[in-house]
Amino acid sequence: MSVIRARETMPIVDEPLRPERSRSAARIIDLLVRSLVPVILALIAGGILLLILGRDPLSFYSDIWHGGVQQGSWQDSAMRMAPLLLIAVGLIFVFRANIWNLGYDGQFLLAAAVLSGLGPSLAAHVPLWLAMTLLFAVAAAVGAAWTIIPAGLKAGYDTNEIITTLMMSFIGVGLANILVKGPFQDPAVNIPQTKVLALDKMLPAIPSTRIHVGVVVALFAAIVAYYVLTRTSFGLRVQVLGANPRAARHVGVQVRKLIVSSFLVSGALIGAAAAADILGVWGYARANWNPAYGDTVIPFVFLARLNPLAVIPFIAFFAVLSTGGDLAAQNANLPTDFLLVLVALILIFMTLIEFIGRRRELGQSYLPEGMREALRKPLIRRRAASRGASHEGPEAA
Amino acid sequence: VSNLFHQAVLTALISGGIIAGVPLMLTAIGETISERAGVLNLGLEGMMLVGAYVGFIGAYYGHSAWLGFLLGAIGGVIACSFMIVLCVWLGLDQIVIGIAITLAGEGITSVLQGAQFGTSYPRLGAPAEVSIPLLHKIPVIGPSVFEQQLLVYLTVVLVGVLVWVFRSTNVGLNLRAAGEKPEALDAAGVSVAATRSYAVLCTGALAGVGGAFLSIVGAGVFTPFMTQGQGYMAIVICMLARGKPVWVLVGAFLFGISLSIATALQLAGINISTDLVNMLPFIAIIVALVLFARRSYLPPALALPYFRGAR
């Protein structure tokens, strides 16, 4: 697959022949530049913003380093990676099919509420490994179930899934609160939360660290997703659907079935993210708890060009940023929501760099295939036409 | 006595529906303008929040609700100018930039509120209402509909103006063409980018005023994330209204009622969970989408950047 992708993104203009190695080295450098520059620019812009607010950006960023890496806090960052990575992989599945599942908050929180409601009583009756497996399965099923309505509407009537997933997300968040305050409420406490899992009933830690095995599960899921998306026919069909739904139908892909199944996989992975976070770190769910992992993951999914393996370092970076960001924001006397601004800045710089890159027609794009094609076509067409080699293509609009 | 009581509940319900509906109305009208022109504005939530914060600051320090609304509009315009530059002029992805604007709006308003007021949330007094002579004496409808903020009446007037603009002016025709068939507009010698820019500017200003109304009149206080998905609700209202301003008005009022139903029910002595009540508008939308899935309408060139010469 990677070979095909590389070929299809070859520049249209004839390049002077260069040694193979220097060209691939140039491509890697270009790839790195286009992935890292948005992050660096966002950090600089965020620093300027901190200066305007009268905070010291250098001490803010060094606090992030202290709180996210040093003195064993890297282990907290590693644990923060588990839910983030699972959500990222879940989003990659649908984004590759050019489907926008933006209902991650509802899927995540509802799965978290259900599994932490069932968790304590289940863990008391069955062996630990079985309880953990069952709870992961329950969470995945809840997450997947919450995508059924948007998936059905998209498959059946082509209803805009951005809207439906967002609406289902708000319902899911509300329902999670109702569950936590109602049937799953711990009767022993006054605050609205579920019963707390005993420490020995949670995901075991990797020997000689505090890091729970949920991180391993997440890394494994990323590897499996990479294999499925790049080495199997399912992955290819997802890719074709994302690139051009009409072409997909034409070559015999069952588009409706594929829309529903990629939605379900995505929801299941997001539900599993909730299981990794609750069973690994928290042990219970509180009402009105919303870590909003999904929002913050989106830019990194694109920066990694929808590649489940390439997203791992980005997620690691953000895990450090968000773990250390808690301490930094506290020290700077700012709300932790400042991280949202950083994430938004990364998104904006990413699209800008993408724009400049598109202008120069270099390397690959991190926009979903279909959108990328739609964006790039005019440039290619114009150039082809000006060279007198006009050709008819499928309608872009 | 029971009759009087029912009247009070009904009055509270309608009046609350209008107060909660106006931000939705303004934002959804704005979204109608930009959706008709072919720009899907997922940044509405962020624009509303910026408008809510800036408007609140204006009303708090300037002691004038109108200054607040004005600043709210300016805040919305500033937030949407990113959309104009990045999406309309440069043709970048509208969905990604929309998400970015929403995230930035959420983050920056929360940070500014935290930097300015810490954990205290100062309140504003309710601005004066305008009662319409004679009409405000009608039972139930009088005190709920005809004793409202001036901006409420202006919003209704705006809907009328918009109907006229869409139906019988060149501007409206250009806007629709930019969403339906931008090539045709370009061929007619009108700039697609300029038309879309004006449309998004209107959207930003209206969403900003909507947010300011929410913080100044609706809540009297600015709290981070206070819009709670109203920007997305506005998109759905506009989608279900199929771009027709009058239906936007009706839809926003109905969703306003479902937002304010909790207070009315508490007045009536019925206590149900606020979580359930907060879910109602979204459940209503999903039900509406499931029932009328075939009928919702979006312009064909929505969310597609326009490049001259592209086919």
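Basis of the calculations
- Residue positions are counted from 1 within each chain, in the order its sequence is given.
- Each chain gets a letter, beginning with A, and each ligand a number, beginning with 1, in the order they are written.
- Only residues with pLDDT of at least 70 get local features here, since the model is predicted, and only at 80 or more are side-chain atom pairs given and counted; chain-wide, interface and lining totals rely on the full set of residues.
- The basis for every side-chain value is the complete set of heavy atoms in the structure, and neither hydrogens nor water enter the calculation.
- Numbered from the N terminus, helices here are DSSP runs of H or I no shorter than four residues, and strands are runs of E no shorter than two.
- The buried label goes to any residue with under 20% of its type's maximum accessible area, the exposed label to any with over 50%, and the partly exposed label to all in between, with areas taken from a 1.4 Å probe on protein chains only.
- Whether two residues are in contact is decided by their heavy atoms, any of which lying within 4.5 Å being enough.
- Values of accessible area rely on a 1.4 Å probe in the Shrake-Rupley scheme; residue burial ignores everything except the protein chains shown.
- The rule is short: rings of Phe, Tyr and Trp, with Trp giving its six-membered ring, pair when the centres are within 6.5 Å, and they are stacked under 30 degrees, edge-to-face over 60, tilted in between.
- The criterion is that NZ of a Lys, or CZ of an Arg, lies within 6 Å of the ring centre and within 35 degrees of the ring normal, and then a charge sits over that ring.
- Reported buried area values correspond to the accessible surface (1.4 Å probe) lost by two parts on association, with both partners' losses combined.
- Within 3.5 Å is the distance limit for a polar contact, defined as a pair of N or O atoms, with the added protein rule that one can donate a hydrogen and the other accept it, and that residues adjacent in sequence qualify only through two side-chain atoms.
- The residue classification treats Ala, Val, Leu, Ile, Met, Phe, Trp, Tyr, Cys and Pro as nonpolar and Asp, Glu, Lys and Arg as charged. All others, Gly included, are polar.
- Salt bridges, as used here, are contacts in which a Lys or Arg side-chain nitrogen is within 4 Å of a carboxyl oxygen on Asp or Glu.
- Every helix has an expected span of 1.5 Å times one less than the residues it contains.
- To get the bend at a given residue, fit one axis to the seven residues ending there, fit another to the seven starting there, and take the angle between those axes.
- Structural elements are reduced to axes, namely lines fitted to C-alpha atoms, with helices fitted over the stretch in contact, and the angle between N-to-C directions of any two is expressed from 0 to 180 degrees.
- Here the word oblique covers every angle except those under 35 degrees (roughly parallel), over 145 (roughly antiparallel) and from 65 to 115 (roughly perpendicular).
- A clockwise turn of the near helix away from the far one marks a right-handed crossing, whereas an anticlockwise turn of less than a right angle marks a left-handed crossing.

As for the overall build of chain A
When its secondary structure is counted, chain A shows 16 helices and zero strands. Within the span of chain A, comprising 397 residues, buried residues form 53% of the whole. Here the contacts in chain A between residues at least 6 apart in sequence split such that 76% fall between residues at least 24 apart. Approximately 17200 Å² of chain A is accessible, and the part contributed by carbon and sulfur atoms is 65%.

Points about the packing of aromatic side chains
This structure, assessed with the given rule, holds 21 aromatic pairs over all chains. Judged by centre distance (6.3 Å) and plane angle (65 degrees), the rings of F300(A) and F317(A) are edge-to-face. In this pair, F300(A) is assigned in helix α13 (residues 293-303) and F317(A) in helix α14 (residues 311-331), connecting sequence segments 17 residues apart. According to the relative accessible area criterion, F317(A) is partly exposed, its value standing at 29%. An angle of 10 degrees between the planes, with centres 5.7 Å apart, marks the rings of F56(B) and Y60(B) as stacked. Taken as a pair, F56(B) and Y60(B) lie in helix α2 (residues 44-62) at a separation of four residues, close to a single helical turn. Taking relative accessible area as the criterion, F56(B) reaches 1% and is therefore assigned buried. Using a relative accessible area of 27% as the deciding quantity, one classes Y60(B) as partly exposed. Each member of the aromatic cluster is reached from another via a ring pair, and the members are F108(A), W282(A), W289(A) and Y293(A). Positioned above the aromatic ring of F166(B), the side-chain terminus of R36(B) is 4.8 Å from the ring centre.

Observations concerning the interface of chain A and chain B
If you look at the interface, chain A gives 51 residues, while chain B gives 49 residues. By the criterion of area lost to chain B, the three top residues of chain A are I163(A), M167(A) and F170(A), representing 13% of everything that side buries. Across the chain A-chain B interface, the total number found is one residue pair in polar contact (both at pLDDT 80 or more). At the level of elements, α7 (148-157), α8 (161-181), α13, α15 (338-360) and α16 (369-386) of chain A are the ones that each hand at least two residues to the side of chain A that touches chain B. Sorting elements by how many residues they give to the side of chain A that touches chain B places α8(A) first, with 13 residues. When its residues are assigned to classes, the side of chain A that touches chain B shows 36 nonpolar, six polar and nine charged.

Quick word on the pattern of salt bridges
All names here are of chain A. Taken as a whole, this structure holds five salt bridges over all chains when the rule is applied. Of the charged contacts, one joins K154 and E161 as a salt bridge, the two residues approaching to 3.2 Å between their closest N and O atoms. One continuous salt-bridge network, built from bridges that share partners, spans K154, D158 and E161.

Here we look at α14(A)
What sets the pattern is the α-helix's 3.6 residues per turn: residues three or four places apart point alike. Its 21 residues place the ends of α14(A) 30 Å apart at the C-alpha level, agreeing with the 30 Å of an ideal helix rising 1.5 Å per residue. Residue G325(A) marks the point of greatest curvature in α14(A), where the axis turns by about 35 degrees.

With respect to the packing of α8(A) against helix α10 (residues 230-240) of chain B
Orientation of α8(A) relative to α10(B), taken along the N-to-C sense of each, is 130 degrees, at an axis distance of 10 Å. As far as their axial angle goes, α10(B) and α8(A) are oblique. Judged by the twist between their axes, the crossing of α8(A) over α10(B) is left-handed. Contact with α8(A), carried on its side by I163(A), L166(A), M167(A) and F170(A), involves Y232(B), M233(B), I235(B), V236(B) and M239(B) of α10(B) and no other residues of that element.

Some words on the packing of α2(B) against helix α3 (residues 65-89) of chain B
All names here are of chain B. Contact pair α2 / α3: the axes reach a minimum separation of 7 Å and the direction vectors enclose 150 degrees. Taken as axis vectors, α2 and α3 run roughly antiparallel relative to one another. For the element pair α2 and α3, the recorded crossing hand is right-handed. Counted together, M47, V50, G51, V54, G55, G58, A59 and G62 of α2 and A65, L67, G68, L71, G72, G75, G76, A79, C80 and M83 of α3 form the full contact between these two elements. When grouped by side-chain class, the residues that make up the contact of α2 with α3 number 10 nonpolar, eight polar and no charged.

Some points on unusual backbone geometry
Residue and element names in this part refer to chain A. Phi is positive for Q71, which is not a glycine, with a value near 50 degrees. Considering the arrangement of structural elements, one finds Q71 in the loop between α3 (57-68) and α4 (73-96). Owing to a relative accessible area of 79%, Q71 belongs among the exposed residues under this scheme. One non-glycine residue, N98, lies in positive phi territory at about 60 degrees. By the element assignment, N98 lies in the loop between α4 and α5 (104-125).

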